[in-house]
Amino acid sequence: MTAELEVKYPVEPLKCWAKVKELREKYYIDYLTAHERGGIRWSGGGASIDAIPAGLGRDVYSLTGEPYGAGIGFDKKFAAKCHAATEEAGYPRDLCAYMRNYWGSVLLNEFAFGGPFPEPDFYWQFHGCCSHAKWYQEAARIGGNKKPVVTIDGTSGLYYKKNEDTGEFYADLPKDGIRYVVDQLHESIEKLEKITGRTFRDELLFEAAENHFENVTLWSKICMLNQTIPAPLDEKSMFSLYVLSVLSKISGEYVEFYRELLDEVRDRVDRGIAALATERKRIMSDIQPPWGFLKMFRYLESYGCVSIGSMYSMGLMGIWKIEEDGTLVPRPTPKELGIEIKDRDQCLELLVDFMFSNFWFHNMHEHTLKGYIIQKIYEQWHCDGVMIHYNRGCEGLSLNVAENRLHLIKQGIPVVSYEGNMGDEREFDLAETEGRIDSFMESLGLK
Amino acid sequence: MITAGIDVGAKSVKVLIIKDHDIMNKGMGFMEMDRERSIQKIFDKCLAEAGLSKNDIDYIISTGAGRKFVPFAQSNSTMVTCDAIGIVKLEPSVRTLIDIGANDARAVRFDETGKVIDFAVNEKCAAGAGAFVEAMARAMEVSLEEFSELSLKAEKTIPINAQCAIFAESEVVSLVHEETARNDICRSVHDAMAGRIVSMTKRLLLEKDIAVVGGVALNKGMMDSLKKDLKMDFIIPKDAEYIGALGAAVLAGQEMNK
């Protein structure tokens, strides 16, 4: 690792930084205090179609499990308590680390932000992976108060297919799969009305859906700007910025935030403001990082290497379209395409289509798209290498990770892999990982 | 121009001194509790044997797990880089190297100049490195040399299921109590370790020639198991434990010429 590097670019802190922290804090406080205002609380996955509960009123608040589990992972002390609690209760260590952190918090009856665990009024979950299917069923059982669990089966068929002639992937709408999910959503609305005693309001659903489309498209537009050299954003900061949509995709406040952020990042690009003053090389990562050890991204920077994003940070809550020539572009919102939402069924179809076009849903069933998308990001974002996390904490997103690595190596792309766990620090070795980064940086010509 | 490479490994320190393109001297010693004192002692001994003093050395590069703890080195470099440079200097046809040390194992693929193309490192566990065999030899109450010889006389292999050095030791103790032939137990340990090394190595797109270096390369029993599992021939170069130190010394010369 080098001691002094040439400062090549001006840097400035992000003006939106305080705002994103404030919004994140407000999210948890709103959930915590919802009952004081006569509101409703639900909990479920970040991939849940949250526009549906939004139709129950403007005072409906969520606690999404993945960012909550990741937040616990960041707090190593509390995470250790959660792991101990889940293991004592008999859950094995190889289950989803976010899920174990969440269950640990329920078992301990401790909320990561203080006080007892705030049980939701119902659970609302979308089954995207093997853990999703049991997460809230089990949380409801542990909670002990028989809170209702409403789930949607996300089995839809593959959204993307490969053109064997060109080697490019293209969207091929699984219409029957979308209808299967839409029909479940119709039924679930009736269930939620019974559970809450409220009447579902379509105008709130439409508003939430429009916000959903805009939030995820805005994030893609922001990520596009990171193709610039020097990169205006580094991935460690992007982790804090993208997360709002995982908390809630339907928030109008978040739409406003992402619009401001888009303007700010455009301004940084126009003025040549870098995330890293010493940017010499650019790499990308692949999936969730070990949240308790984000300093490894700063370690990269000590070499003058910036991580510009990943399929995860750019794609989990960013929505993309693959052009015919394989170029990735932000997927336009229905409004941008001149589509007006007129009825419930049409709205649900659009929501499900948007959700399924997310690369991650495809990745839960088939792995070659992931290698392809990583390669596309590597090329379009002008990367010099890829850092791959053998994430022992997520079976879904690390599906076929070794095959992805092999695909990239065959394309001549430099790759370093490291072992870890997004939410369980016991499976991550910082010194070992830094050692691998040292070797990788040297192989890229950095000292 | 005289340069030195110092490979500070988990178990031993290797020093190699080059004058222009020729090896002047090399030396190795065990790492003691006082790390810096151990390094200094082995370096001084190597210098003295070569009739040199510290001031005669133009540039020193350290490598290995303890590379950052050599206060008199001008620079340091990783073992991945130094292994590649070292083996290309010694065996120019080699494009893939497997280095099995006491605590680490790695596989590196590189071009004709020693520029690294891809590498893989053993998982954070000693079960794929020399310390694993040492632990098993202790469990069998034989020396490493005896362990290696016994392995070569084995008639069969018994699967060792444990993925962890600690659990594998329990398994070996159980086999001893079951009065399993000692030769076969030794072979089984080597086969288990070879399996892990081959699995790691095959993450790379293997390119010939292949070389095996590091202290474990001297274990004939282990090399026999590795050859059977890898199903490919490989070179074990002279001074296989010194390849990292050699690469560091060569790199030091390259740094001087920049």
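First things first, this report covers the structure right here in the doc. (Residues numbered from 1 in each chain as written. Chains lettered and ligands numbered in written order. Predicted model: local features only at pLDDT ≥ 70, side-chain atom pairs only at ≥ 80, totals over all residues.)

The next thing to look at is the overall build of chain A. Along the backbone of chain A there are 17 helices and 12 strands. Taken over the C-alpha trace, chain A has a radius of gyration of 21 Å; the compact-globule value for 447 residues is 22 Å, and the two agree within 12%. Along the longest, intermediate and shortest principal axes, the C-alpha atoms of chain A span 65 × 50 × 40 Å. Looking at chain A as a whole, 53% of its 447 residues qualify as buried. Sequence-distant contacts in chain A: of pairs separated by 6 or more residues, those separated by 24 or more amount to 77%. (Helix = DSSP H or I, 4+ residues; strand = E, 2+ residues; numbered from the N terminus. Rg over C-alpha atoms; globule rule 2.2 N^0.38 Å. Buried ≥ 20, exposed ≤ 12 C-beta atoms within 10 Å, placed from the backbone. Contact = placed C-beta atoms within 7 Å.)

This part is about helix α6 (residues 182–201) of chain B. Taking 1.5 Å of rise per residue, the 20 residues of α6(B) would be expected to cover 28 Å, and the 29 Å separating its terminal C-alpha atoms lies within 8% of that figure. For α6(B), every residue scored as buried is listed here: B:I185, B:C186, B:R187, B:S188, B:V189, B:H190, B:D191, B:A192, B:M193, B:A194, B:I197 and B:T201. (Expected span 1.5 Å × (residues − 1).)

Right, let's get into the sheet that holds strand β4 (residues 149–153) of chain A. Hydrogen bonds along the backbone pair up the strands of a sheet, which may run parallel or antiparallel. All names here are of chain A. With parallel pairing, the 4 strands of this open sheet are ordered in space as β2-β1-β3-β4. Bordering the open sheet on either side are β2 (60–64) and β4, each of which pairs with just one other strand. Each neighbouring strand pair of the sheet contributes to a mean axis angle of 25°, computed without reference to strand direction. Bridge count for strand β1 (residues 40–44) against β2 is 5 bridges, and the pairing is parallel. In the sheet register, G44 faces β2, and the bridge partner there is T64. With respect to the sheet, helix α3 (residues 65–74) is in contact with β1 and β2, its orientation differing from that of β2 by roughly 50°. Where helix α7 (residues 175–196) meets the sheet, it contacts β1, β3 (122–127) and β4, and its direction lies at approximately 175° from that of β4. (Pairing = 2+ DSSP bridges. Axes fitted to C-alpha atoms, helices over the stretch in contact; angles between N-to-C directions.)

It is worth spelling out unusual backbone geometry at this point. Residue A:P230 follows A:I229 across a cis peptide bond; omega there is 0°. Relative to the helices and strands, A:P230 is located in the loop between α8 (202–224) and α9 (235–247). Cis geometry is adopted by the peptide bond preceding B:D209, which originates at B:K208 and carries an omega value of -5°. Of note in this structure, A:K146 is not a glycine but carries a positive phi near 50°. Summarising the element assignment, A:K146 is placed in the loop between α6 (132–143) and β4. Even without being glycine, B:D20 reaches a positive phi, approximately 55°.

On the chain A side, the residues contacting the 11 residues of chain B number 10 residues. Those elements that provide at least two residues to the side of chain B that touches chain A are α2 (79–90) and β8 (116–121) of chain B. For the side of chain B that touches chain A, the element with the highest residue contribution is β8(B), accounting for 4 residues.

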